[in-house]
Amino acid sequence: MEHIIRQYSLESGSLEAQYIEEYFTEFRNKKTVGEIIERLRDREHLILVSMAEDDEGGLIPVGYKIGHELKAEEKSIKLSGLVNELRDVVEFQNRKVFYSWTGGTRKEWRGQGRYRALTEQQEEWAHARGYHELVVKTKNRFYGMRATLDHLNFDVIKFMRHLKDNRESKVYLSKKIGAEVLNLHQTTRSVVDAA
């Protein structure tokens, strides 16, 4: 199966991501266009959308992945908190770190390798721009995502236990980005720039 992936600009990509998130029942707080734009404005970022054919033969967005550069000194409270949580397990000095912030695939299209294709494309993009490491955070309860990240050779680098509900514990994973990583990619993708 060849995956069709569109790479979006900030504004239109934010709209696509918000649209896709409306289909996710497992997320309590859905990302909004404003939140995405605020986070990504003035920093290197990537917005990818996986497209699938609908019943009429047209293409519809069914999955997405958004990531951005994560710097040692962040100005926003959320990102500076994230860097502080990672400081003991990720080296920021003289390195480019890419944070795979958010994404997912609509239920009807899961199990077809779409998340893998989006992640592999994200890795290629990050490698081409000189990133050294790709970091992702998930919750312990997202077993499917954790399994996919395991298959993609991400290493658990930190586990932050939630005091009341272990399923809500944070799991941080990382992958060094190098040419050898790209040689392990398995999906066939065609990537086009979208609006």
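Only a predicted model underlies this, so the values are computations on that prediction, with no experimental measurement involved.

Engineer: Describe the pairing of strand β1 (residues 2–8), naming the residues involved and giving the relevant values.
Structural biologist: Of the pairings in the sheet, the one linking β1 to strand β8 (residues 188–193) comprises six bridges and is parallel in character. Bridge pairing links His-3 to Arg-189 in β8. Across five bridges, the pairing between β1 and strand β2 (residues 45–53) is antiparallel. Counterpart to Tyr-8 in the pairing with β2 is Ile-47.

Engineer: Could you give an account of the packing of aromatic side chains, with specific residues and numbers?
Structural biologist: The description of an aromatic ring pair uses the distance of the two centres, along with the angle that the planes make with each other. What the rule picks out here adds up to five aromatic pairs. Ring geometry for Tyr-19 against Tyr-23: centres 5.5 Å apart, planes inclined by 75 degrees, an arrangement best described as edge-to-face. By relative accessible area, Tyr-23 is classed as partly exposed at 35%. The interplanar angle of 15 degrees and the centroid separation of 6.5 Å between the aromatic rings of Phe-24 and Tyr-64 together place this pair among those described as stacked. One end of the pair, Phe-24, is in the loop between α1 (10–21) and α2 (33–40); the other, Tyr-64, is in strand β3 (residues 59–70), and 40 residues separate them in sequence.

Engineer: So, the pattern of salt bridges: which residues are in play, and what are the values?
Structural biologist: Overall, the coordinates contain 13 salt bridges when judged by the stated rule. A salt bridge links Glu-74 to Arg-43, with the nearest nitrogen and oxygen atoms 2.6 Å apart. With Glu-74 in the loop between β3 and α3 (77–86) and Arg-43 in the loop between α2 and β2, this residue pair connects regions lying 31 residues apart in the sequence. Comparing Glu-74 with Arg-43 shows no difference in burial state: the two are buried. Its salt-bridge partner being Lys-139, residue Glu-168 comes within 2.9 Å of it at the nearest N-O pair. A residue pair is termed long-range when its members are at least 10 positions apart, and Glu-168 in the loop between β6 (155–160) and β7 (170–176) and Lys-139 in strand β5 (residues 133–139) qualify at 29 residues. Exposure remark for Glu-168: the relative accessible area of 12% places this residue in the buried category.

Engineer: Account for the environment of Asp-54, naming residues and giving values.
Structural biologist: Structurally, the position occupied by Asp-54 is in the loop between β2 and β3. Each C-alpha atom of the pair Asp-54 and Arg-189 lies 18 Å from the other, and the pair is 135 residues apart in sequence. Only 3.0 Å separates the side chain of Asp-54 from the backbone nitrogen of Glu-56, close enough to count as a polar contact. Within the structure, the side chain of Asp-54 is placed 3.0 Å from the backbone nitrogen of Gly-57, a separation counted as a polar contact.

Engineer: An account of unusual backbone geometry is needed here, citing residue identities and associated values.
Structural biologist: At Asn-94, a residue that is not glycine, the phi angle is positive and equals roughly 60 degrees. Judged by relative accessible area, Asn-94 falls into the exposed class, the value being 73%. Notably, Asn-153 is not glycine yet its phi reads approximately 65 degrees, a positive angle. Positionally, Asn-153 belongs in the loop between α5 (143–151) and β6. A relative accessible area of 45% means that Asn-153 is categorised as partly exposed.

Engineer: Before we move on, could you go through the packing of α1 against α2 and cite the residues and values that matter?
Structural biologist: Contact geometry of α1 with α2 gives a least axis separation of 8 Å together with a crossing angle of 135 degrees. One finds that α1 runs oblique with respect to α2. The two elements α1 and α2 cross, and the hand of that crossing is right-handed. Contacts between α1 and α2 pair Leu-10, Glu-11, Ser-14, Leu-15, Ala-17 and Gln-18 from the former with Val-33, Ile-36, Ile-37 and Leu-40 from the latter.

Definitions and limits used
Residues numbered from 1 in each chain as written. Predicted model: local features only at pLDDT ≥ 70, side-chain atom pairs only at ≥ 80, totals over all residues. Heavy atoms only, no water. Pairing = 2+ DSSP bridges. Helix = DSSP H or I, 4+ residues; strand = E, 2+ residues; numbered from the N terminus. Phe/Tyr/Trp six-rings, centres within 6.5 Å; stacked < 30°, edge-to-face > 60°. Buried < 20%, exposed > 50% of the residue type's maximum accessible area, 1.4 Å probe, protein only. Salt bridge = Lys/Arg side-chain N within 4 Å of Asp/Glu carboxyl O. Polar contact = N/O pair within 3.5 Å; in protein donor to acceptor, adjacent residues only side chain to side chain. Axes fitted to C-alpha atoms, helices over the stretch in contact; angles between N-to-C directions. Parallel < 35°, antiparallel > 145°, perpendicular 65-115°, else oblique. Left-handed = near helix turned anticlockwise from the far one by under 90°. Contact = heavy atoms within 4.5 Å.

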